[in-house]
Amino acid sequence: MAEQLHLNAFIFPAGHHEAAWRHPATQPERIHDADYFHQIARTAEDAAFDAVFLADMPVLTPNVAHNAVGVLEPITLLASIAAATSRIGLIATASTTYYEPYNLARLFASVDHLSKGRAGWNVVTTVSDLVAANYGLDVHPDAADRYARATEFLDVVTKLWDGWDEDAIVLDRAGGRYADIARIHPADHTGPRFHVRGPLDVPRSPQGRPVLVQAGASNEGRSFAARFAEVIFTAHQRLEDGQAFYADIKDRATRFGRIPSEVVILPGISPFIGDTETTALELEREFNELTVPEYGLRQLEQLTGVRLSEAALDGPVPEELFRDAGNVTDNARSRLQVVAGIVERERPTVRRLLHRLAGARGHRVLTGAAEQVADAIEEWFRQGAADGFNVMPPFYPGGLELFTSRVVPLLRERGLFRDEYTGATLREHLGLSRPRSRFEDEAHVASAGAEYPGPA
């Protein structure tokens, strides 16, 4: 466990509550305005957050009928945020299923250069089969195929990121030599899914490589994360579940020969903060009353595969629909286990379940005064369930402002969070080491072809 916790701000258009855009505290008319995202990022940076994070699903779903879910392309938006900030880390989602390695390596290396070492990539395989049609595919690949592709994809990307030695650029004006081509290495990758010659046309970036982030709770997802990820986003409702996941990931990372402290685990929390617990509960009630059942039912089906009827909103959730949650292996269905736990413990009505999920899609909602939110954060951090938190405000921009102005000072008083940045890069914020280039090993360099002869 780290000495101090890490905080990441998960930016989600109008807020993480599904009805946020309907509440007068939000500004849905600004969600395609760069200045809006700059404002949010600067709020997080002023509080010395480790990073801001942008999710992505490259498809417009029918949910847009009832929620502000049409969003800007995240890597482009990160580049804009980089210009408006100076210290905070910048993480965006991109899919190994629907990108090519060279293109994606180039994009994130460019953001790392533009931001002076603040880029992070949230590695996803994409769970929605709706995306396939946008990329000329008849069907979405199954989970096993997606993770196999993702594993090879990461191998190619790291070869490309490592292709330039630190001293490859010599800038010999007098001699007329810009770069030492013996220190630029082709990827020369030939595998079952990719054939990539390389090298990348972008030099090794300030962090060596952008930080790798991942979210996956299935067996495949956990193994993939423990092998590759440096930051893991996760969702848990109970302390014991968080502790079990935390211990499992750290153990798996150790078995992959990794240092457990270099895998940072950040559960999601969505805080409704009030002057008192009563006012916080009232604020949450206001948002829940703005929900549209049709949207919530569709969201539940997307999260879990379980379809419920709007006609039965005030009847109990049929428990038998969730009895096979423990056998789930596909990453898309791992959230089913979270929802099944809520159903088993709380036995809610359908409407109540939709309200429970409206705040953060199965992530933990913390409702109370600032002290109560800080207490919950401290408990999970000190009890081995988290290295920090992926903060998911139910509404933007005010929800993040409440957290940074009320909760962060309490965390600092308790010695749990930094007063200011002590490093310049995202790796330094997270306490991660700079990765060693795979081409530093001369034997590997020789086997890879030694030097780049230039385009054919």
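Going by the structure above, here's the rest.
These notes cover the structure that comes with them. (Residues numbered from 1 in each chain as written. Predicted model: local features only at pLDDT ≥ 70, side-chain atom pairs only at ≥ 80, totals over all residues. Heavy atoms only, no water.)

**Some details on the packing of aromatic side chains**
Stage number 1. Using the criterion set out here, one finds 15 aromatic pairs in the structure.
Stage number 2. With 6.2 Å between their ring centres and 80° between their planes, Phe 49 and Phe 403 make a pair best called edge-to-face. With Phe 49 in the loop between α1 (34-46) and β2 (51-54) and Phe 403 in helix α12 (residues 398-413), this pair connects stretches of sequence that are 354 residues apart. There is no split in this pair, since Phe 49 and Phe 403 are both buried.
Stage number 3. Ring geometry for Phe 224 versus Phe 228: centroids 5.0 Å apart, planes at 55°, classification tilted. Separated by four residues within a single helix, Phe 224 and Phe 228 lie in helix α5 (residues 219-228), roughly one turn from each other. For the pair shown, Phe 224 and Phe 228 are each scored as buried.
Stage number 4. Ring-pair connections join several aromatic residues into one group, and the members of that group are Phe 108, Trp 121, Phe 153, Trp 161 and Phe 194.
Stage number 5. Above the plane of the ring of Phe 12 lies Arg 361, whose end atom (NZ or CZ) is 4.5 Å from the centre. (Phe/Tyr/Trp six-rings, centres within 6.5 Å; stacked < 30°, edge-to-face > 60°. Helix = DSSP H or I, 4+ residues; strand = E, 2+ residues; numbered from the N terminus. Buried < 20%, exposed > 50% of the residue type's maximum accessible area, 1.4 Å probe, protein only. Lys NZ or Arg CZ within 6 Å of the ring centre and 35° of its normal.)

**As for the packing of helix α4 (residues 143-161) against α5**
Stage number 1. Put simply, α4 and α5 touch, their axes get as near as 11 Å, and they point 5° apart. With respect to α5, the axis of α4 lies roughly parallel. Contacts from Ala 143, Ala 144, Tyr 147, Ala 150, Thr 151 and Leu 154 of α4 reach α5 at Glu 220, Gly 221, Phe 224, Arg 227 and Phe 228.
Stage number 2. Considering only residue class, the contact of α4 with α5 consists of seven nonpolar, two polar and two charged. (Axes fitted to C-alpha atoms, helices over the stretch in contact; angles between N-to-C directions. Parallel < 35°, antiparallel > 145°, perpendicular 65-115°, else oblique. Contact = heavy atoms within 4.5 Å. Nonpolar A, V, L, I, M, F, W, Y, C, P; charged D, E, K, R; others polar.)

**Quick notes on the pattern of salt bridges**
Stage number 1. Under the defined criterion, the tally for this structure stands at 33 salt bridges.
Stage number 2. Taking the shortest distance from any N to any O, the salt bridge between Glu 240 and Arg 238 comes out at 3.3 Å.
Stage number 3. The residue Glu 294 makes a salt bridge to Arg 298 at a minimum N-O spacing of 3.4 Å. Placement of both Glu 294 and Arg 298 in helix α8 (residues 293-304) is noted, with a separation of four residues, approximately one turn of the helix. (Salt bridge = Lys/Arg side-chain N within 4 Å of Asp/Glu carboxyl O.)

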